Amino acid sequence: MSEEEKLLKDAKKLPWEDRLLHKNWKVRNEANIDLASVCDSITDPKDSRLRDFGPLFKKTVTDSNAPVQEKALDALIAFLRAADADAARYAKEICDAIVSKCLTGRPKTVEKAQAAFMLWVELEAVDAFLDAMEKGIKNKVAKAVVPAVDVMFQALSDFGAKIVPPKRILKMLPELFDHQDQNVRASSKGLTLELCRWIGKDPVKSILFEKMRDTMKKELEAELVNVTGTAKPSRKIRSEQDKEPEQEAMSEVVGPVPTAESSTDAPPEIDEYELVDPVDILTPLEKSGFWDGVKATKWSERKDAVAELTKFASTKRIAPGDFTEVCRTLKKLITDVNIAVAVEAIQAIGNLASGLRLHFSGSSRFLLPVLLEKLKEKKPTLMESLTQTLQAMHRAGCLNLVDIVEDVRTATKNKVPLVRSLTLNWVTFCTETSNKAVVLKVHKDYVPIFMECLNDMTPEVRDAAFSALAAIAKLVGMRPLERSLEKLDDVRRKKLSEMIMGHEVGMSAVPVQTSGGSVPSLEASEGAFVRKSAASMLTGKRPVQAAPVIKKGGSIKSGANKKSDGTGQLKSSKTIEAPEDVEPAEMGLEEIERRLGSLLQLEIISQLKSTIWKERLEAISLLKQQVEGLQELDQSVEILIRLLCALPGWSEKNVQVQQQVIEVITYIASTVTKFPKKCVVLCLLGISERVADIKTRAHAMKCLTTFCEAVGPGFIFERIYKIMKEHKNPKVLSEGIVWMVSAVEDFGVSHLKLKDLIDFCKETGLQSSAAATRNATIKLLGVVHKFVGPDIKGFLADVKPALLSALDTEYEKNPFEGASAVPKKTVRASESNLSVTVGGLDSLPREDISGKITPTLLKSLESPDWKVRLESIEAVTKILEEANKRIQPTGTVELFGALRGRLSDSNKNLVMATLTTIGSVATAMGPAVEKSSKGILSDVLKCLGDNKKHMRECTLNALDSWLGAVHLDKMVPCITLALTDTKLGAEGRKDLFDWLSKQLAGVSDFSDAVYLLKPACSAMTDKSSDVRKAAETCINEILRVSGQETIEKILKDMHGPALALVVERLKPYGAFQESFESAKVMSVGPTSKSSSRVGKSTSNGVMKHGNRTMPSRAIVTKGSKTESVTSVQDIAVQSHALFYVKDSNKEDRERMVVRRFKFEEPRLEQIQDLENDMMRYLREDLHRRLLSTDFKKQVEGLEMLQKALPSLAKEIIEVLDVLLRWFVLQFCKSNTTCLLKVLEFLPELFDTLKDEAYSLTESEAAIFLPCLIEKSGHNIEKVREKMRELTKQIVTICSASKSFPYILEGLRSKNNRTRIECVDLVGFIIDHHGAEISGQLKSLQIVASLTAERDGEIRKAALNTLALGYKILGEDIWRYVGKLTDAQKSMLDDRFKWKVREMEKKKEGRPGEARAALRRSVRENSSDVAEQSGEVSRSVSGPIYSSYRKNYGHSELQMDRQLVPQSLAGVNGPTDWNEALDIISFGSPEQSVEGMKVVCHELAQATSDPDGSAMDELVKDSDRLVSCLANKVAKTFDFSLTGASSRSCKYVLNTLMQTFQNKRLAHAVKESTLDSLITELLLWLLDERVPHMDDGSQLLKALNVLMLKILDNADRTSSFVVLINLLRPLDPSRWPSLASNESFASRNQKFSDLVVKCLIKLTKVLQSTIYEVDLDRILQSIHLYLQDLGMEEIRRRAGADDKPLRMVKTVLHELVKLRGAAIKGHLSMVPIDMKPQPIILAYIDLNLETLAAARMLTSSGPGGQTHWGDSVANNPSSGTHSADAQLKQELAAIFKKIGDKQTCTIGLYELYRITQLYPKVDIFSQLQNASEAFRTYIRDGLAQMEKNAAAGRTPASLPMPTPPPVALTISSPDFTPLSPVHTNALNDAKSLNVKSDPTNFNLPPSYSEDSRAINALTSSRGFTSENSLGDQRNERFITGVTSGTLDAIRERMRSMQLAAAAGNPDAGSRPLMSMNDSLNHGFSSQIPHASDRSGAENTVQSGVLPMDEKALSGLQARMERLKSGAIEHL
């Protein structure tokens, strides 16, 4: 063992510190290696050894021996990987040591030092790291500074700005910018660019740029262009890594795991404000003389002083201080008389707000009102500064929307509209820049303000309010605003929704992040660290990310990726191509040689370095040979190019060597599959210089062309522009352009950015002083012209004239070749990042002119001054010229809209100017004009209708321009429409045909031309010979350019003369001749009539062809020839069905029908549509006959239909609308034979429809009736008669109300005969169908007005019809005839008298008697009618509507009509209430509307006079009315569900609403009626068909509102009883037919839920309405409900949380809570003695117990006193005491009423009744504490009541007595105890005087005490005693019972019940459960039974009158019933 080995062995025994600091370097080396391995073996970061190692490194890393220092750094790296954040305590010392000793060492050492720094950052020792860096950048050795900057760059790039604070780096950078070493400067620039990626360019610019030299600024500006996107951290700190689950096991199996980084959002932008230090401005402000300046008298001095403040405040961040005085001063200056001072002050406020932010919020609120007030100023400068300042205050956070509500509210009420509108604009800005949470918080405050502003008189304010609302809606959505926006009408709502949509469309899409730049690429092997330099950023490429350092077990902690992600990254890069890295990094010659390795022989490289040119030449030749021999050349491209650029390099002087180098590069570029762009960049400058040298020019040009093939000419051109511009050698420029000429010829312009090329030629080439350069540029532009065309001239208009002429000459040499100019060479690489245009034509740049199309310009186009309009049109032309007549479509839609308006200008010169401008815009925009123009072409074509030739020429020029921009096929639809437009005069049509012929002549094939054939053929029959001639020429061109197939198709749709004409034209084209022979024969043959009619100029007889006339005879011969053909064809199709209804969609066709009452002649396109439909749905032989122009064929077709009618009725109904359209067409033609045949067929058709029970739909009526009515005045009497009968038939079959409006429209016809027929028809309808049109009788005014016509026949017909009306209506007819002259009235009088005489002769009675007879018969037969119509007679429990749930079709309507006797049918609408109710009850839904109108009118009148007798009458009939309407609800809804209008539904609901809005009427409705109505309404609310009805959503809303109104106003007791009854399952017959997927159970569940909601609404207000309800009735209904369920079911439901049961318990709970123990006094209708005991009693006891325990019992008195002592549980004598307490409560309530002016009468009456009930109770002994006046008042009142009772008057009829003394109403008097037994005066005093707050109503959850209640019941059932629970209680306290106690009353009550039961022998046999709960118990509405009558009689005999129950409390009401015997027998 050598001495050295021994030394090393011994050293291993030493402590670590001794070993690491040993004097022998080898020992130290070994120690560091061992230390690294120990650290590597540690897996627990909390290992104690790590704490020992930490302090050692500060010395080891400063080792003087370089290899040892490296090993020490390795050990440190291993330590840092093993440790956790605790190690950060050693960071400062170690980092300082590394900075001082390691950054100047060997490259490897520096690299490891940087790795250590990165690990310190990973361990969160960022501050220590940055402190060390601050020292590092101050190192005097530049070599040490660069690594320090690089490691900061790396840390920022990897960990991001969140971990590495940019603020500290920003402070370090300025001193580096001026560093003497260029590498340091380069690195600092790179670091600056990296900062830009993290915190944005603007903050970096504003903080750093002012500290740079200009040159550096320029360099950085240029580099900043390449900094794109936002950065993401690629590496996480250790604590975050440890949170992530280990994934490598998964990675190995599955493959690469997607990184978490990809899903995280980009880091939030760092606020620049946080990056800068605050600056104190108050001190310098003091020194600047500000305070003296602002007080100066001269405005300029004041302005200067404020300007000084503005300047100081413009700093980014102001230090907080006391700015109170400054703000006070500024507030005064805002209102300064001088505008300039005010503007300066406002700007200063804005700057202070931006600089101070939250510290300025108080001052902002102080200044805001003044600023808003100042908005009234109209000076633009002031307005602008105010707007900016207000926005700055909000942006800086000084103000938020919560703070400014009141100020905004004040400002929006300002009298100056400008203040209002600008304030709203500012609020809109604030809303848009606020977050959603703030807006959600305040929108309720702001929306009412905006809504108020919507009604402002000023449009600007309204618009601003809309914008503000839209801004809020955009942020929080429409749902929170629904309630606020309810008041908006439809128009405003629509506008608002459009604005919101506009906002959304306008919002820019979030840019999609590409993973290219931010995801780290892992290149290094384990443990290695690829250094990343900051300087590399300067080339614009993304820096190569550092490979993460590897921790134990192979998991990579430092990056977000695992090791396996490296491969995953490569794979993904194929699918998402990252932009190619085009900027080459620097690489030294050593590095190049190292990378070349064995690729080339070393001798070649050494020879290339030789100074002897021959050796270099030899070496380059050898290199060339070797390169040509390489197999895998693709992998070595870059390194070879780098070698050639370095050796021999571009500075090589020898020409031969240069040529060889270029050849090698050319070979490589042409051979490899992908030549990198960075290689092109490396070579481009050198090659460009070689191009300038004549000796190497050819080689260099060839090389550049090869580059173009490899990477595309676009890239080469883009790079070479800069080189050529900046190069000092002019030859580089001139010869470079010469090469460009050849490149454009070779590759075309499709790959080039033409804008850049033209700019280069204009700015550099043509401006050059060298003639050679200019000439070359001219040649280049000439070649471009060959590909692009004359459009290029627009871009060179501003070039010198001499050059322009030279260019024109060059253009002539290179004429535009368009699509035929094919490039000679192609590009190998596909340029994905360059847009390649196909022809190159549209690659010329287009300018966006949207900014120039200002609102002002558009407004000027609408100006009333023609000069302004003309200037605006010229302004548009100027904009086009400025854009080189090439524009983008952006923003031109509004421009086209404005220009369209000018096409109808009254000034024709302006129209012509507009046409020219439109043509120019189309040319400038190109194909995009079609989408942007909004159909302006049709308006342009209308200008051809002008009679001035000049105007038409302008239009045709505009069409030429349009055609140049878009293809002719896009124009065809508009041209077709224009040609059929009647307003286009003959000259216009001729010009358009000529233009079309000219355009079609230039094309050889154009299939769309066939669409022009029909209008052209139509024009052949034009009156003008010029039009016919032009059309003929056009047809020839159309036939020439259309294909044979397309003409075949179109010929099938043509008939008559048009077809013959086309066939004639086709003769020259022999190919077509045969194929069209049969078609021509079929349709042309029949058109001829006979040779005798040859002379006629109709199209049936003569065909014109040029000037040649072709007689019909020739065609007749053909016709005779075709008979056999036709018959053969007919036989072929006769096996098919006559109608093809399978594909028929009648609904779609009917939707297209325009429903007009007035007839319009069918238009050409309508006739064409009819022909198409007939071909589609009718068999070929039938449609061929019906569409024939020969009437005989048409008659044959009708005969075919006649035969088919009985058997094919269903099919005919399906195509009825098509047939009716054809009949209309026949009515419009002049052939009488065919018309008579149609009129023979139609009655048969309508008879068939009647048999099928089919009625015409609205659309079919709209198709046929207008024409039938208009043509009914035919000039042939026979035709008129048939039409008259047909119309009457239609009226009878279909609804008269449907056809009546069409007949009325006929009264306005211009044809006298038509009007006479229509007047007669009106008479017929009144006579036979009067009831159906009762609502439309006002139209008799039109008939009456005809009595003033000149024509005697019309007058006579009108008088006859009115006489007929008089017969039916009697004197009522005068109500309908309107205002008449005296002459007309006398004529009518005479005619009416004559009618009376005639009726007497015929014994027809008196006029108008029919109406009365009908009314009587309706009343007498009402039950029969009801039975006939399927209505079940109403029982006490309410009507059942199951029969009405059927589909209410037309057959039922028919039945309704037949129910009314024919002789009485012609009755008018209802004239009084009873008749109206009859019509509502028994009329059809449509007829009942008239009755409801009368009812609504009566209701309105009665409501306007509530005290009148009319209301009393209506109250009596109220129940009958509601009953009628309740029955009608189902009928009207069922009727509407058949597809009819929902008008009748709306009327029913409206009438019910008007009824229930009146409390008196609502209260008069009986319980049974209310039951049926509520049931019906709830059922329809649940019906799923309602939303799909006509206006379904409105109906649902109306049902909801009506339901709420019923709950509010109907008798609350009845409502409670009805709703509790409805909680039971509903009878299935009440439901409509079940949907397939829904059971009765689920429907009942929904129904119960609705009922529960209604009960909740009633229960919520019980506290305030407790005295309006009859508690006994409610408790009875609850008792019956619970008994029906039974205990078992209640147990089951309680477990299932049943809603109905829970609701009933809730109602009971609330009643007990409000009435306390007194509730037991309201059980008069509950059989409390039955066995087993009623379930309700157990629940009442349980509630009392629970509420008493919770201290929640409320007394019955209105003051809400609480009786704790009344509870049985609390007081042993509560039996007695509770009776006293209850009576005291009653008295408290009564005295309260007496104390109120409104209720004093009722109160006195109640007190009187109490004295009657309890004669032994001394009332006055209870009034000891009351004043004498009050006692006297009560004494007198009681005496008065006694008199009234004796006289038989009740409170309702009493006059209001004098109100009680005012002083007495303050509080109720105290009472002395009523019973002497067990009285506690203190309790009473407390209970009466202590008022508790009214408790809020809360619906309790289902009781947890249910089980207790049930147990209590069970135990009581098992009790063997005969006494009930109540008796047991009474026995316990029997000693305290006196005659006044509750128990005594109960005893009396029981005996009364028994007595009453004895009076009714059936009572005992009727079980309790079968009791009819729908019986009415109120006196006013009860129909007494036999037993009840006796009770009523007893009441009267005993002298106790029935009284108003609602005025009495529950106890009194109960007792009254018992005494009067009016209680129902149980």
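Residues numbered from 1 in each chain as written. Predicted model: local features only at pLDDT ≥ 70, side-chain atom pairs only at ≥ 80, totals over all residues. Heavy atoms only, no water.

(A) Quick look at the overall build of the protein. When its secondary structure is counted, the protein shows 97 helices and two strands. Counting every position in the protein, which comprises 2026 residues, the buried fraction comes to 52%. A separation threshold of at least 6 residues defines the contact pool for the protein, and within that pool the share at least 24 residues apart is 76%. Element-wise, carbon and sulfur atoms account for 52% of the exposed surface of the protein, whose accessible area totals about 93,600 Å². (Helix = DSSP H or I, 4+ residues; strand = E, 2+ residues; numbered from the N terminus. Buried < 20%, exposed > 50% of the residue type's maximum accessible area, 1.4 Å probe, protein only. Contact = heavy atoms within 4.5 Å. Areas by Shrake-Rupley, 256 points an atom, 1.4 Å probe, with all protein chains shown as cover.)

(B) Spotlight on helix α11 (residues 166–177). Counted at 1.5 Å a residue, the expected span for α11 with its 12 residues is 16 Å, and the 17 Å between its end C-alpha atoms agrees. Residues of α11 that are buried include every one of Pro 166, Ile 169, Leu 170, Met 172, Leu 173, Pro 174, Leu 176 and Phe 177, and no others. (Expected span 1.5 Å × (residues − 1).)

(C) Broad picture of the pattern of salt bridges. Considering all chains together, one arrives at 85 salt bridges under this definition. Where Glu 122 meets Arg 235, a salt bridge forms, and the shortest distance between an N and an O atom there is 3.0 Å. You can see Glu 122 sitting in helix α8 (residues 107–122) and its partner Arg 235 sitting in the loop between α14 (214–224) and α15 (238–243), a full 113 residues away along the chain. The two residues Glu 122 and Arg 235 agree in class, both being buried. The partner of Glu 406 in a salt bridge is Arg 409, and the shortest N-O contact between them spans 2.6 Å. (Salt bridge = Lys/Arg side-chain N within 4 Å of Asp/Glu carboxyl O.)

(D) View of unusual backbone geometry. Between Leu 647 and Pro 648 the backbone carries a cis peptide bond, its omega angle lying at -5°. Residue position: Pro 648 is located in helix α34 (residues 637–649). A cis amide bond links Lys 1731 to the next residue, Pro 1732, at an omega of -10°. Note on placement: Pro 1732 falls in the loop between α87 (1699–1715) and α88 (1735–1749).

(E) Examining the state of the cysteines more closely. The final tally for this structure, using the stated rule, is zero disulfides. Among the cysteines around Cys 683, which has no disulfide bond, Cys 645 carries the closest sulfur, lying 4.2 Å off. Taking relative accessible area as the criterion, Cys 683 reaches 0% and is therefore assigned buried. (Disulfide = S-S within 2.5 Å.)

(F) Geometry of the side chain of Asp 905. Looking at the element boundaries, Asp 905 is found in the loop between α45 (893–902) and α46 (908–925). Side-chain polar atoms of Asp 905 contact the side chain of Arg 869, separated by 2.7 Å. Here the side chain of Asp 905 touches Arg 902 through a polar contact of 2.7 Å, side chain to side chain. In this structure, Asp 905 is in contact with Arg 869, Leu 910 and Val 911, ignoring residues within four places of it in sequence. (Polar contact = N/O pair within 3.5 Å; in protein donor to acceptor, adjacent residues only side chain to side chain.)

(G) Fine view of the environment of Lys 793. Mapped onto the elements, Lys 793 comes out in the loop between α41 (771–788) and α42 (801–813). For Lys 793 and Asn 884, which are 91 residues apart along the polypeptide, the C-alpha to C-alpha distance reads 8.6 Å. Ignoring any residue separated from it by four or fewer positions in sequence, one finds Lys 793 in contact with Asp 808 and Tyr 811.

(H) Geometry of the packing of helix α39 (residues 730–747) against α41. Closest axis-to-axis distance for the α39/α41 pair is 9 Å, and the angle between their directions is 15°. Taken together, α39 and α41 sit at an angle that is classed as roughly parallel. Regarding α39 and α41, the two cross each other, and that crossing is left-handed. Across the interface between the two elements, Pro 730, Leu 733, Ser 734, Ile 737, Val 738, Met 740, Val 741, Val 744 and Glu 745 of α39 pack against Ala 772, Thr 773, Ala 776, Thr 777, Lys 779, Leu 780, Val 783, Val 784 and Phe 787 of α41. Per-class residue counts for the contact of α39 with α41 are 13 nonpolar, three polar and two charged. (Axes fitted to C-alpha atoms, helices over the stretch in contact; angles between N-to-C directions. Parallel < 35°, antiparallel > 145°, perpendicular 65-115°, else oblique. Left-handed = near helix turned anticlockwise from the far one by under 90°. Nonpolar A, V, L, I, M, F, W, Y, C, P; charged D, E, K, R; others polar.)

(I) The arrangement of the packing of aromatic side chains in detail. Scanning the model with the defined rule gives 18 aromatic pairs in all. Taking the centre distance of 5.0 Å and the plane angle of 40° together, the rings of Phe 57 and Phe 79 count as tilted. With Phe 57 in helix α5 (residues 57–60) and Phe 79 in helix α6 (residues 66–82), this pair connects stretches of sequence that are 22 residues apart. An identical accessibility class is assigned to Phe 57 and Phe 79; each is buried. For the ring pair Trp 1374 and Phe 1392, a centre distance of 5.4 Å and an interplane angle of 75° mean the geometry is edge-to-face. Of this pair, Trp 1374 sits in the loop between α71 (1352–1369) and α72 (1382–1401) while Phe 1392 sits in helix α72, and the two are 18 residues apart along the sequence. Residue Phe 1392 is classed as buried on the basis of its relative accessible area, which comes to 4%. One aromatic cluster is present, built from ring pairs that chain together Phe 717, Tyr 721, Trp 739 and Phe 760. Positioned above the aromatic ring of Phe 715, the side-chain terminus of Lys 677 is 4.9 Å from the ring centre. (Phe/Tyr/Trp six-rings, centres within 6.5 Å; stacked < 30°, edge-to-face > 60°. Lys NZ or Arg CZ within 6 Å of the ring centre and 35° of its normal.)

In short, the description is geometric, and any link to function would need to be established separately.
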